[in-house]
Structures are given as structure tokens and as C-alpha cells.
Amino acid sequence: MTARIIDGKALAEQVRGEIATRAAALAARGEQPCLAVLLIGADPASAVYVRNKVAGCEKAGIRSLRFDYSADVAPDVVMAKLAELNADPAVHGILVQLPLPPQFDEAAVLEAISVEKDVDGFHAENVGRLSQNQEAFIPCTPHGVMKMLESTGVPLAGAEAVVIGRSNIVGKPMAMLLTNAGATVTVCHSKTRDLAFHTRRADILVAAVGKPRFVTGAMIKPGAVVIDVGINRLTDGPDAGKLCGDVDFDSAAQVAGAITPVPGGVGPMTITMLLENTVISAERAAR
Ligand code: GUN
């Protein structure tokens, strides 16, 4: 079997077109959507993500405000900026790029963002709302994965879904979304015994482990839908310098029914969902 490729780039472009139309309608009513992005420190991957988020905003007609801080900034300075942005009616979304330097209490920072402007969906109240299947801002990566799964037409209700990874950003909200959609969900992680036992049962397999080419074809059920959330830069071997996912694409594509590539899979959908959340927030403000 050779898997169908789920083209995240094409899906993202289609959805971004719809988002741009909504952003233009808001701007015509004097409510141009606006996202504030805070980057603290000089983590190279974070800098790339923030650059892509700001560029995505510009293309969609969303205003962006970017605030850069050195790694040794005092947390009070950032907290004061968040309070200012929370109070600014022209700002609809606020995002603090993670990870944060060690002097920060991450949970305190995320909870200092107004729930109504928490377009990352990381505030404890949004997390709680999602866990209760109530309307909430949904974290962008797992939300993008859900859109990709929907695009395949695979039935989610009753499906066996396995998520590898239990992070607050991807694994846990992914498990909640799949549960809310009626899948039977298993969350695997670094302490899981016999990972392949679980993964081989999965109709839907989501890999978010951060280990290059970790999931091989031998771990996949024939015909499964495989979603690769990983973005890893290979440091050695013949492909050194190349980007790859958490899934060994070549062996997995022989077994899976559908699979996302890296790059061009989940990545473009993540930023798309951030843009959509920002537009949703602006639409609420314009009501
Ligand atoms: N770091 C890695 N992924 C994310 C994300 O989706 N949002 C934020 N704010 N930081 C991240």
C-alpha cells in the first residue's frame, strides 16, 4: 500500500483565503483583527515560528504587534505589557511564544493573558472549557490536526486513536479533541511500556514526540491515518540539515492509508488556526 498524502499546505491556503475574507469584512467595519506576539529570549526555533506567525498575519490582512525581550528580562516587565495589551480594545489576540527562560513561571504568564484574547488556548480556563467540550479557544496545533483529519473523511466516532506525546501544547489537547469527537483515545508517552502494541491498534495515529523518524512502518496498522506533528532538524547522517518529522515517512507511507508530510503537513495548519482564532476574537469584539 502507498499512503495518500494529506496536503497541509493546500488545506492551509484554502482556509487562509476564507480567513482573509473575514478579516477584510471586519476591517471594513473598523475592527481590523490584531494579534500581539511576545518573544522572550533568542531561541532560534521560536524566532522562526514568530516570524512565520507575523508573516501569516500580514498575508491574511491581520495587524500584528511584535514585542521582543532579551532572555534576562524581568518577568514584571512582561506582565505589565500583558496587562496593557489586555486593556487595549484594538488588540484581539495575545500570544507569548514558549518556551520561556527559567525566571518565568509559565502558568502565571499564560494566566495573565485575558481569556477572551488567549488565541493559543493555553489559559487554564480555556483548557478547562475544552475538557468539558464547551466553546473555547482551541490550541492551534491540535486544532489544525482535527481539520486535517476532517479533510480525509475518516470517521472519528468509534475510531481507535493513539496520541504519542502528553504535552500541554499538543498531546493533551489533542486527546481531548479526539475524545470530544467520539474516538477511543490512548495517550502514550516516554514511560509507556510496549509503545508498538498501542500504535499498531490505531486507526488514527498522532505523533508528537520530538524524536526524528521515531515511528516506523512496523508500528503502524495497515490503512491507518498517520499525522506527524514533529519538526526536527537532522544533525547527522546523509540527510543532515534536512527537516523531518517524528515519523519515518518512507516506511510509514508503505503501510498507512493516509499520512502528513514534513514539511508541508501540520506546520502550515498550526499558523492557520492561530489566524482563525484571532479573527474569531475580533468578530466577537465587533458584535
Ligand atoms: N511553542 C511551541 N508551539 C507553540 C505554540 O503553539 N504557541 C506558543 N505560544 N508557543 C509555542
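Note that the coordinates shown come from a computational prediction; the quantities given were computed from them, not determined experimentally. (Residues numbered from 1 in each chain as written. Predicted model: local features only at pLDDT ≥ 70, side-chain atom pairs only at ≥ 80, totals over all residues.)

Caption draft 1: Layout of the site of the ligand. The full set of residues close to the ligand is Leu95, Val96, Gln97, Leu98, Asp120, Cys140, Thr141 and Ile169. At the level of elements, strand E4 (93–96) and helix H6 (140–152) are the ones that each hand at least two residues to the shell around the ligand. Partitioned by chemical class, the residues of the shell around the ligand number five nonpolar, two polar and one charged. Here the shell around the ligand gathers at least three residues from each of two domains, domain 1 (30–114) and domain 2 (140–267). (Near = placed C-beta within 6 Å. Helix = DSSP H or I, 4+ residues; strand = E, 2+ residues; numbered from the N terminus. Nonpolar A, V, L, I, M, F, W, Y, C, P; charged D, E, K, R; others polar. Domains from an automatic or database assignment.)

Caption draft 2: Just the domain arrangement of the chain, in detail. Under the domain assignment, the chain is made up of domain 1 (30–114) and domain 2 (140–267). The C-alpha-based centres of domain 1 and domain 2 are spaced at 28 Å.

Caption draft 3: Structural context of the pairing of strand E5 (residues 160–164). With four of five residues buried, E5 lies mostly within the body of the structure. Pairing of E5 with strand E6 (residues 184–188), which is carried by five bridges, proceeds in the parallel orientation. Across the sheet, residue Val163 finds its bridge partner in E6, namely Val187. With respect to chirality, the unit in which E5 leads through helix H7 (residues 171–180) into the neighbouring parallel E6 is right-handed. Pairing between E5 and strand E7 (residues 204–207): four bridges, direction parallel. Bridge pairing in E7 places Ala161 opposite Ile204. (Buried ≥ 20, exposed ≤ 12 C-beta atoms within 10 Å, placed from the backbone. Pairing = 2+ DSSP bridges. Right-handed = clockwise from strand over helix to strand, strands pointing away.)

Caption draft 4: Local environment of the environment of Glu111. For Glu111, the position within the fold is in helix H4 (residues 106–111). Owing to 16 C-beta atoms within 10 Å, Glu111 belongs among the partly exposed residues under this scheme. Glu111 sits 106 residues away from Gly217 along the chain, and the two C-alpha atoms are 40 Å apart. If we ignore the near neighbours within four places in the chain, the residues touching Glu111 are His123 and Ala124. (Contact = placed C-beta atoms within 7 Å.)

Caption draft 5: Structural context of the sheet that holds strand E3 (residues 63–69). Pairing is parallel across the open sheet formed by three strands, whose spatial order is E3-E2-E4. Both edges of this open sheet fall to E3 and E4, since each of them pairs with a single strand only. Averaged over all pairs of adjacent strands, the angle between strand axes in this sheet comes to 15 degrees, irrespective of strand direction. Relative to E4, strand E2 (residues 34–40) runs parallel, the two being bridged by four bridges. Bridging across to E4, Leu35 finds its partner in Gly93. Of the strands in this sheet, E2 and E3 are in contact with helix H2 (residues 44–60), which crosses E2 at around 165 degrees. The strands touched by helix H3 (residues 75–87) are E2, E3 and E4; relative to E2, the strand with the most contacts, the crossing angle is about 180 degrees. (Axes fitted to C-alpha atoms, helices over the stretch in contact; angles between N-to-C directions.)

Caption draft 6: Quick peek at the environment of Asn126. Considering the arrangement of structural elements, one finds Asn126 in helix H5 (residues 124–131). According to the C-beta neighbour criterion, Asn126 is buried, with 24 such atoms within 10 Å. Taking the C-alpha atoms as reference, Asn126 lies 7.5 Å from Ile138; in sequence the two are 12 residues apart. Setting aside chain neighbours within four positions, we find Asn126 in contact with Val115, Asp118, Gly121, Ala136 and Phe137.

Caption draft 7: The arrangement of the packing of helix H1 (residues 8–28) against helix H10 (residues 266–286) in detail. Across the interface, H1 lies against H10 with an axial gap of 9 Å and an inter-helix angle of 20 degrees. In terms of orientation, H1 and H10 fall into the roughly parallel class. Handedness of the crossing formed by H1 with H10: left-handed. Contacts from Gly8, Lys9, Leu11, Ala12, Val15, Arg16, Ile19, Arg22, Ala23 and Leu26 in H1 reach Val266, Gly267, Pro268, Met269, Thr272, Leu275, Glu276, Val279, Ala282, Glu283 and Ala286 in H10. Classifying every residue of the contact of H1 with H10 gives 13 nonpolar, three polar and five charged. (Parallel < 35°, antiparallel > 145°, perpendicular 65-115°, else oblique. Left-handed = near helix turned anticlockwise from the far one by under 90°.)

Caption draft 8: Expanded view of the UniProt feature "domain: Tetrahydrofolate dehydrogenase/cyclohydrolase NAD(P)-binding" (unreviewed entry) in the chain. The feature "domain: Tetrahydrofolate dehydrogenase/cyclohydrolase NAD(P)-binding" (unreviewed entry), as given by UniProt, occupies residues 139–285 in the numbering adopted here. In this annotation, residues 139–285 is assigned 35% helix and 16% strand; the end-to-end C-alpha distance for the span is 20 Å. (UniProt positions renumbered as here; feature names shortened; annotations may be inferred.)

Caption draft 9: Just the nonpolar core, in detail. Grouped together as the largest cluster of nonpolar side chains are 84 residues, with contacts concentrated most on Val163, Leu205, Val206, Val226, Ala252 and Ala256. Per element, the largest residue contribution to this core is eight residues, and it comes from H10. Residue assignment places this core across two domains, with domain 1 (30–114) and domain 2 (140–267) each supplying three or more. If we skip the residues at most four places from it in the chain, Val226 touches Leu205, Ile220, Val247, Ala252, Ala256 and Ile259. (Core = buried A, V, L, I, M, F, W, Y, C linked by C-beta atoms within 7 Å.)

Caption draft 10: Representation of the pairing of E7 in the model. On E7, burial covers both faces: Ile204 and Val206 on one face and Leu205 and Ala207 on the other are all buried. Alignment of E7 against strand E8 (residues 225–228), held across four bridges, turns out to be parallel. If you follow Val206 over to E8, its bridge partner there is Ile227.

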